[in-house]
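# Inside the fold
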Amino acid sequence: MGDVEDAEKPGFDDSAWKEITLPYAWNQNEAFLKDIRDLSTGIAWYRKTFVLPEGNESNKVFLEFEGVRQGGEFYLNGSLVGLHENGAMAVGLDVSRLVKPYPAKNTVAVKTNNDWDYRERFFNQKYQWADRNFNANYGGIPKNVFLHIAGEVYQTLPLYSSLGTTGVYVYATDFDIAGKSAQIHVESEVKNETAEAQVVALEVRVEELDGREVARFEGVPRMVSPNGMTKLDASEVVGNLEFWSWGYGYLYTVRSRLLINGMVVDEVPVKTGFRKTAYHNGMVYLNDRVIMMKGYAQRTSNEWPAIGMSVPPWLSDYSNRLMTESNGNFVRWMHITPWKQDVESCDRVGLIQVMPAGDAERDVTGRRWDQRQELMRDAIIYNRNNPSILFYEGGNDNISEEHMAELKRIRDTFDPHGGRAIGSREMLDSKVAEYGGEMLYINKSAGKPLFATEYSRDEGLRKYWDEYSPPYHKDGDGPLYKGKDASEYNRNQDSHAIENVIRWYDYYRERPGTGERVSSGGANIIFSDTNTHYRGSENYRRSGEVDPMRIPKDGFWAHRVMWAGWVDLEEQLTHLIGHWNYQKGTTKNIYVVSGGAKVELFVNGQSKGFGEPSYRFLFTFPDISWEPGEIKAVSYNASGELVSEDLIQTAGKPDAIRLTNIASLAGFKADGADVALVEVEVVDQNGQRCPTALNLVQFELKGEAEWLGGIAQGENNYIGSKILPVEGGVNRVLIRSTTQAGSVRLKATAKGLKSASLELSSRAFPVTNGLSEQLPSDLLPVNLAYGPTPASPAYTVKRIPLRIAKATAGSNNELAANSYDDNEMSDWYNDGQLETAWINYELENESAISQVVLKLNNFRTKRYPIHIEVDGQKVFEGNTPLSLGYVSLKFPPAKGRSVKIQLAGGAAAHDDKSVEVDGTKLDDGVTRNDAGQKGRLSIIETEIYELPD
């Protein structure tokens, strides 16, 4: 640590330095120990020696760092070979002239600096995304490093900023989804660094998951001049394809091979998948099927306690696959382009990605905008072969049309055929962006898809079941946040899960099939509790559906119920919120999340009746008295048929500890970087988890492993401690392998409980002269659990939109058309007088009108008393509810062609929920604030419906 003099020189004595295996952030042990703002920063040096394989004396040699934080100076054998400063993307270094051939030793030295206020050396400019709120600062080399060896005629690497090259580009066109065929294209950038012109051909081989070759084709040979560079291409229609899809991470290996005189001189294997996409009619299409975006806005660090982001690939797969197991279909990485390991992980598990480049909360200009463009260009080139990326995000806030056009040109230049939409947060009225959407609120469109970039930001600790369970935390109890009530950020599990149901219902109600203008879904923030900005009582954010060790909260299972389908429910699941271990005399509300039409509750076989439905998925059973035994929720469809059930049994007294290894299918590798994830439970004598147990467990580790530990509420969050409590009867710990293969024994003890032991064995990891040919993700399987994209429609039509021919208004008649223009940035409003607070719509055809849907200005803070007439007959009268965007006003079908909406009295403003607890004002409508205008009727969008036959 520190700016060590001469550390770049090969002869420097580093014998006293700590030996580590990459990836390794030097401050990773602080993950979840410290507030993000307090993570240690400074200069750190890394050094490594290696020997090239024999017989590579005249070859090209490149180093690829997947990323350093924040800036890095790179040296080989004492010579400076590069500088990389953006802290997000990969960097490539051509070290061919400096590397020593076999058997000489080579020394790589890297000087890193993760200062929060790091500035570019030549522009003296900070990076917008080096932010203390959301970009957890795990410094040094927290990502993988690769050595590439090639001949003098070779295919370039996709590392543009540092090498100026774009690599191999694989994509498909002319899809026949039903016929299972597509035309596969390969474009390869080729360099000839020999002294003579070379005639080079491109041969492509496409291989199945099991290695079987399914296609082979060649392009037209080209002559490449000495020291020249060109692009070769080849394509062919390939049949019997399996298309990549949600929860179906079907991947092919496409081998791009260079031939000279029929001999292979270079080969680049590209692991990729093929899928068809489209973005129109306000919807997203995957393989010709509409998919509503249901998922999570996740911090790009995707970190774990005591190890930060530098986890092995199998653990990335475990975490990301959990999102699909909650029936989430996408992840929106927040602010910073994701690590390549997570990108490839999402390919394998079948999880759609939204890929940002780098930003904060606003548009920027000058050099800072140049930084964002450069990072977007580099990220697109680096990740354009990954099928799970469907969206490129230009910013976590609205950006100008000029800037959006510039990013779109980058996409069109470097990924013109990848089937990816480019947009930004908001961009509701943009003519350039191909998707958009606000945070928190409901947006709808008949054009480009709009989905919420983040919603449901409440926080809750997994430890807190409800107010009736140890440690008896009162829902919402916690410190103020910046002097204001922070109850929403100190929830119990039950209220947190219910809030998730309430919030999702707003999007589900406006899903595809509900009209011409629809919502394309939303990203719940976040998936796993994170070492970033927080508002609750802990020093980390607890908005997750799983805790930092990826143990599910009730919200995880609630989403699994609500998201069980591409759009509509395709499976009707049931989840009982909570547990069934209470004190005698406890009476409480029981909540069930169900996809069924009705839910019946049973306690020890006795029916307690049917639950009160709300928000489509929530069923409430008030005042249920606890008695030991079992509680069961049974769900029925609209025809009264049983569709699913959930059952919870009362656990007995805590009796023993149970340890379970959540194992990688690739085995426990003795590489010094692999980890084992071990679950510890307190169970009764029948082996059932005790859901209210909070026992303190002591661990003893012996053998070839290093203790990392877990997390729990308490001093220093128990980070790194070998004494750790279970919470809700369960916890998890991490142990890291050493570089020596051998046995590992983990023992767990607790007062009054039977102890438990777990035996592990790490297997040897092949390393020769400091290098390994085994990639970190080798041997990892793909997730095919959800099967290919179904051929059936994803939704049925719920209501039929009626076209408005024209509108007249009591005042500002010239603005009347704004209320049905499919633009949520415009509105019609009257002059503030009650007698002019009306608007009349004339439909194209007479219809049986049964519903009016409105988006009103100040929708989150203002109730409007209105009445609605159809051809002069009053069909609705009442106050509009507060909402996150749209309100649906239903009435018995009324035949007519004219619909008049009129303010019936003074509109009343309510508590300003559009102000965050930190004082930030959130727009709840157009930028004009009508909260104090009692005689003002302001309509952003009007939709009029009839029911289908």
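Residue positions are given per chain, counted from 1 along the sequence in the order it is written. For this predicted model, a pLDDT threshold of at least 70 governs which residues receive local features, and a threshold of 80 or more governs which side-chain atom pairs are given and counted, while totals over whole chains, interfaces and linings are taken from all residues. In computing side-chain properties, one takes all heavy atoms of the structure into account and sets aside hydrogens as well as water.

Counting its regular elements, the protein contains seven helices and 55 strands. With the radius of gyration taken over C-alpha atoms, the globule rule is written as 2.2 Å times the number of residues to the power 0.38. Since a compact globule built from 949 residues should have a radius of gyration of about 30 Å, the 29 Å found for the protein is in line with a globular shape. Per-residue burial for the protein yields a buried fraction of 61% across its 949 residues. Look at the contacts in the protein between residues 6 or more apart in sequence, and 72% of them connect residues 24 or more apart. Accessible surface area values rest on a Shrake-Rupley calculation with a 1.4 Å probe, where residue burial reflects the displayed protein chains alone. Accessible surface, the protein: about 35200 Å² in total, of which carbon and sulfur atoms supply 46%. Positive: Lys, Arg. Negative: Asp, Glu. His and the chain ends are not part of the count. Charged groups are reduced to one reference atom each: NZ for lysine, CZ for arginine, CG for aspartic acid, CD for glutamic acid. Of note, the protein has its 104 positive side-chain charges centred 2 Å away from the centre of its 131 negative side-chain charges. Per the convention used, a helix needs a DSSP run of H or I reaching at least four residues, while a strand needs a run of E reaching at least two, with both numbered from the N terminus. Working definition: with a 1.4 Å probe on protein chains only, accessible area under 20% of the residue-type maximum means buried, over 50% means exposed, and in between means partly exposed. Note on definitions: a residue-residue contact is assigned when non-hydrogen atoms from the two residues lie within 4.5 Å.

So, about unusual backbone geometry. A cis amide bond links Pro470 with the next residue in sequence, Pro471, at an omega value of 10 degrees. When you line up the elements, Pro471 lands in the loop between strand E27 (452-455) and helix H6 (493-508). The omega torsion of the bond from Ile525 to Ile526 falls at 5 degrees, within 30 degrees of zero and hence cis. The residue His335 is not glycine, and still its phi comes out positive at about 80 degrees. Taking the relative accessible area as the measure of exposure, His335 reaches 1% and is therefore buried. Phi is positive for Asn769, close to 55 degrees, though the residue is something other than glycine. With respect to the helices, strands and loops of the structure, Asn769 is situated in the loop between strand E45 (756-764) and strand E46 (800-801).

With that settled, consider the side chain of Lys448. With respect to the helices and strands, the residue Lys448 is situated in the loop between strand E26 (421-423) and E27. Between Lys or Arg on one side and Asp or Glu on the other, a salt bridge is scored when a side-chain nitrogen of the former is within 4 Å of a carboxyl oxygen of the latter. At 6.6 Å, Asp429 is the nearest oppositely charged side chain to Lys448, a buried residue that forms no salt bridge. Polar contacts, as counted here, are pairs of nitrogen or oxygen atoms within 3.5 Å of one another; within protein the pair requires one atom able to donate a hydrogen and one able to accept it, and residues that are adjacent in sequence qualify only if both atoms are side-chain atoms. A distance of 3.3 Å separates the side chain of Lys448 from the backbone oxygen of Met427, its partner in a polar contact. Look past the residues within four positions of Lys448 in its chain and what remains in contact with it is Gly282, Met427, Leu428, Asp429, Ser430, Ala433, Glu434 and Tyr435.

Attention now moves to the domain arrangement of the protein. Throughout, the edges of the domains are those of an automatic or database domain assignment. Considered domain by domain, the protein is made up of domain 1 (24-149), domain 2 (168-272), domain 3 (277-576), domain 4 (654-764) and domain 5 (800-946). Between the C-alpha centres of domain 3 and domain 4 the distance comes to 31 Å. Of the residues lining the interface, 23 residues belong to domain 3; the matching set on domain 4 comes to 25 residues. Buried area: the accessible area, evaluated with a 1.4 Å probe, that two parts lose upon being put together, summed over both parts. When domain 3 packs against domain 4, close to 2200 Å² is buried across both sides, 64% of that on carbon and sulfur atoms. Here domain 3 and domain 4 share zero salt bridges between them. Run the count over domain 3 and domain 4 and you get 12 residue pairs in polar contact (both at pLDDT 80 or more). In the side of domain 3 that touches domain 4, the residues fall into 17 nonpolar, two polar and four charged. Note that Gly is not counted as nonpolar here; it falls among the polar residues with everything else outside the nonpolar set of Ala, Val, Leu, Ile, Met, Phe, Trp, Tyr, Cys and Pro and the charged set of Asp, Glu, Lys and Arg.

So, about the confidence of the model for the protein. Per residue, pLDDT captures the predictor's confidence, and it can take any value from 0 to 100. In the predicted model, the protein carries a mean pLDDT of 95, and the fraction of residues at 70 or more is 98%. Note that residues 914-921 has pLDDT below 50 and, in this model, 25 contacts with residues that lie over four places away or in other chains.

As a further point, take helix H7 (residues 554-562). A turn of α-helix holds 3.6 residues, and therefore any two residues three or four places apart point the same way. With respect to burial, H7 is a largely interior element, seven of its nine residues being buried. Among the residues making up H7, those that are buried are Asp554, Gly555, Phe556, Ala558, His559, Val561 and Met562.

So, about the packing of helix H4 (residues 366-383) against helix H5 (residues 401-414). Axes here refer to lines fitted to C-alpha atoms; in helices the fit is confined to the stretch in contact. Angles between the N-to-C directions go from 0 to 180 degrees. Look at H4 against H5: their axes get within 10 Å of each other, and the N-to-C directions meet at 25 degrees. The angle between H4 and H5 places the two elements in the roughly parallel class. Crossing of H4 against H5: the hand is right-handed. In this structure, H4 contributes Trp369, Gln373, Met376, Arg377, Ile380 and Ile381 to the contact, and H5 contributes His403, Glu406, Leu407, Ile410, Arg411 and Phe414. For the contact of H4 with H5, a count of residues per class yields seven nonpolar, two polar and three charged. Here the angle decides the label: under 35 degrees means roughly parallel, over 145 means roughly antiparallel, 65 to 115 means roughly perpendicular, and every other value means oblique. Each crossing gets its handedness from the near helix: less than a right angle anticlockwise from the far helix is left-handed, clockwise is right-handed.

Take the pairing of strand E53 (residues 886-903) next. Two strands pair under a simple rule: DSSP has to find at least two bridges between them. Of the strand pairs in this sheet, strand E49 (residues 838-856) and E53 are connected by 13 bridges, and their pairing is antiparallel. Each bridged residue has a counterpart across the sheet, and for Leu854 the counterpart in E53 is Val887. As judged from the five bridges shared by strand E51 (residues 865-870) and E53, these two strands associate in the antiparallel manner. If you follow Glu869 over to E53, its bridge partner there is Lys900.

Quick look at the packing of aromatic side chains now. Side-chain rings of Phe, Tyr and Trp (the six-membered ring for Trp) are treated as a pair once their centres are within 6.5 Å; stacked means planes under 30 degrees apart, edge-to-face means over 60, and tilted covers the remaining angles. Under the defined criterion, the tally for this structure stands at 35 aromatic pairs. Lysine NZ or arginine CZ positioned within 6 Å of the ring centre and within 35 degrees of the ring normal marks a charge as sitting over the ring. Positioned above the aromatic ring of Tyr508, the side-chain terminus of Arg511 is 3.7 Å from the ring centre.

In regular strands, side chains alternate between the two faces of the sheet. Inspection of the sheet shows E51 paired to strand E52 (residues 873-879) by six bridges, in the antiparallel sense. Looking at the pairing, His867 lines up with Glu877 of E52. In sequence, E51 turns back onto E52 through a hairpin of two residues, with Asp871 there showing a positive phi of about 50 degrees.

Taking 1.5 Å of rise per residue, 14 residues should cover 20 Å, and H5 covers 20 Å from first to last C-alpha, within 8% of that figure. Where H5 is concerned, the buried positions are His403, Met404, Ala405, Glu406, Leu407, Ile410, Arg411 and Phe414. Among the structural elements, helix H1 (160-163), strand E11 (168-176), H4, strand E25 (389-393) and E26 are those in contact with the buried residues of H5. In this scheme, a helix's expected span is set at 1.5 Å multiplied by one less than its residue total.

This part takes up the environment of Asp458. Mapped onto the fold, Asp458 is located in the loop between E27 and H6. Sequence-wise, Asp458 and Glu488 are 30 residues apart; in three dimensions their C-alpha atoms are separated by 5.3 Å. Ignoring sequence-local partners within four residues, the contact set of Asp458 consists of Glu488, Tyr489, Arg491, His496, Glu499 and Ser543. Looking at Asp458, its side chain comes within polar contact range of the side chain of Arg491, at 2.7 Å.

Okay, the packing of H6 against H7 next. Their axes nearest at 8 Å, the elements H6 and H7 cross at an angle of 30 degrees. By the angle between their directions, the pair H6 and H7 is classed as roughly parallel. Relative to H7, H6 is oriented so that their crossing is right-handed. Only Asp554, Gly555, Ala558, His559 and Met562 of H7 make contact with H6, whose side of the interface consists of Gln493, Ala497, Asn500, Val501 and Trp504. Grouping the constituent residues of the contact of H6 with H7 by class yields five nonpolar, four polar and one charged.

The next subject is the sheet that holds strand E4 (residues 71-76). Overall, antiparallel pairing links the four strands, which are arranged E2-E7-E4-E5 in an open sheet. Each end of this open sheet is capped by a strand with a single partner; those strands are strand E2 (43-50) and strand E5 (79-84). Neighbour to neighbour, the strand axes of the sheet diverge by 20 degrees on average, direction disregarded. Across five bridges, E4 lies against E5 in antiparallel orientation. Looking across to E5, one finds that Tyr75 is bridged to Leu80.

UniProt positions are given in the numbering used here, feature names are shortened, and annotations may be inferred rather than shown by experiment. The UniProt feature table records "domain: DUF4982" (unreviewed entry) at residues 585-643. For residues 585-643, helix accounts for 0% and strand for 66%, while the C-alpha atoms at its two ends are 32 Å apart.

Let us now look at the environment of Pro23. Tracing the sequence through the fold places Pro23 in the segment before strand E1 (24-25). Sequence spacing of Pro23 and Asn386 is 363 residues, and the spatial spacing of their C-alpha atoms is 22 Å. Contact partners of Pro23, with chain neighbours within four places excluded, come to Ile141, Pro142, Lys143, Asn144, Ser310 and Trp339.

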